[in-house]
Structures are given as C-alpha cells and as structure tokens.
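# Chain and residue survey
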Amino acid sequence: MIGGADVGFEENGAIARAAVVVLSFPGLERIEFAIARIPTPFPYVPGFLSFREVPVILQAFDQLQQKPDLILCDGQGYAHPRRFGLACHLGLLLNLPTIGVAKSHLIGTHEPLDLAKGSWQPLIDREETIGAIVRSRHNCRPLYVSSGHRVSLPTAIELVLNCTPRYRLPETTRWADAIASQRGAFKDPESAQVNP
DNA sequence: GCGACAG
DNA sequence: ATCTTGTCGC
C-alpha cells in the first residue's frame, strides 16, 4: 500500500487542510483517504515547510484504517539546505518509509535532462548527490525526487516512476491534491466522488 | 549587495 | 499555497 499526502489552505491561509490517501501497488487503485483541518500553525518560510504542513498531515494519517507501507510526499526530502525536508520530517515522526516528490526546485544543480520519460539526472549540492530530477512524462517539467526516510534514492526514483503511469505527478499526489483542495465534484467524503 | 527561495 | 479564463503547444 502506498500513501500520498498533500495540504491545501482555506480562509486566506488561516486554516490548513490535509488529505492522506492510500492506493494499492502496483495497481494504484484508491483504497482509502482521510482529511484533517487545523488552524495553520506556522507561516510559509522556504526551508521550514514541514513545520507548516506536517502537523495536519499527522492528524489525517491517524484517521486511516489501513496504514500505507510508504508515503510519497509533496515537497523535498533529503534535497534540503539542512538535508531534512518535509518528507524526512514526516517519515521520522511516523517511522515509515517516505519519498520527497517536489514540483519545483529548492536547492541543487544538475546537468541537462533528456526529454524521454524515465530519464533522470542527479541533483548536486556541495559535492553531494542529494536527490534527482526525474522526467515522469515526455517533454514535461521534471519532478524533484529525493529520499525521505528509510528509502534509497535509486528505489525512490523507481517507485515514483511506477506511481506515475500517465500524468506528470504520481497518482498518490494527484488524489491527495484533489481531496485536500476544495476542487472537483467533492461533496460528501463518504460518497468519494472526487476527480483527480 | 544581489539573487534564490519546496508549498 | 491561492486568486482566476482563456489560451498556446504537443
């Protein structure tokens, strides 16, 4: 079972709303999801994102009946100024394997990336490989992948690609995002009528 | 001093 | 992250 977590905001950022979903693997069928809302505990400060999003994610996670074996996070893992991004923070607190999958760059340099899906390049910072940029779809902006907790970078890249059959983002992230934001045909959580 | 800066 | 319609490109 693979989990996905994402956070959205309401009331001009005053309320943080998290969604954690659980998908089967490798089938990627949606098994379950949970939602939590709390007053936003911390402002957005680059490099300190976990203090803003992890608390509410933990509350949503606690509500799950079926706990996932690993979680794909929306944000950096080891590819962080102090090597401890959101994915590392969440994984350590839950003592669960996690992977950081960010949609944009925070730190690190890299060589040009091939356009073909599946290609990747190491992300380097201070002579160290901290993660990788991965082409999850032909000719699309790359994903910033890095290990979060108890997962190696090669395994992280492989898992992210296996969770991304069609779109730029992993299915886990797409579902969590659709549920965390208040978009789509999301009416009653029980009816589960959501469109990623 | 200047530019960059996950969500 | 969020506001917010149409639109450019494959």
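Residues numbered from 1 in each chain as written. Chains lettered and ligands numbered in written order. Predicted model: local features only at pLDDT ≥ 70, side-chain atom pairs only at ≥ 80, totals over all residues. Heavy atoms only, no water.

## A word on the UniProt feature "site: Interaction with target DNA" (unreviewed entry) in chain A
The condition is simple: UniProt positions are given in the numbering used here, feature names are shortened, and annotations may be inferred rather than shown by experiment. A run of H or I in DSSP becomes a helix once it reaches four residues, and a run of E becomes a strand once it reaches two; helices and strands are each numbered from the N terminus.
As recorded in UniProt, the sites labelled "site: Interaction with target DNA" (unreviewed entry) are Tyr44. Relative to the helices and strands, tyrosine 44 is located in the loop between strand 3 (30-39) and helix 1 (49-62).

## Here's the deal with unusual backbone geometry
Cut-off, in case you're wondering: Exposure classes here rest on a 1.4 Å probe applied to the protein chains alone. A residue is buried below 20% of its type maximum, exposed above 50%, and partly exposed in between.
Across the junction of phenylalanine 25 and proline 26, the peptide omega takes the value 10 degrees, indicating a cis bond. Note that proline 26 resides in the loop between strand 2 (15-23) and strand 3. At arginine 126, a residue that is not glycine, the phi angle is positive and equals roughly 55 degrees. Classification of arginine 126 as exposed rests on a relative accessible area of 72%.

## Side note on the pairing of strand 8 (residues 143-149)
Here is the rule we go by: One requirement defines pairing of two strands: DSSP has to find at least two bridges between them.
For strand 8, the tally of buried residues reaches seven of seven residues, placing the bulk of the element in the interior. As paired elements, strand 5 (residues 98-102) and strand 8 share five bridges and run antiparallel to each other. If you follow valine 101 over to strand 8, its bridge partner there is valine 145. By the bridge criterion, three bridges tie strand 7 (residues 128-134) to strand 8 in an arrangement that is antiparallel. Residue alanine 132 lies in a different strand from strand 8, and its bridge partner there is valine 145.

## Structural notes on the packing of aromatic side chains
Rule in force here: The aromatic pairing rule takes the rings of Phe, Tyr and Trp, using the six-membered ring of Trp, and pairs them if the centres are within 6.5 Å, calling planes under 30 degrees apart stacked, those over 60 edge-to-face and the rest tilted. Here, a charge over a ring means that NZ of Lys or CZ of Arg falls within 6 Å of the ring centre while also lying within 35 degrees of the ring normal.
Scanning the entire structure with this criterion turns up two aromatic pairs. Judged by centre distance (6.2 Å) and plane angle (35 degrees), the ring pair of phenylalanine 48 and phenylalanine 51 falls under tilted. In textbook terms, an aromatic cluster arises when at least three aromatic residues are bridged by ring pairs, as seen for Phe42, Phe48 and Phe51. Arginine 30 extends its terminal NZ or CZ atom over the ring of tryptophan 175, reaching a point 4.8 Å from the ring centre. The lysine or arginine in question, arginine 82, covers the ring of phenylalanine 48, its NZ or CZ lying 4.6 Å from the ring centre.

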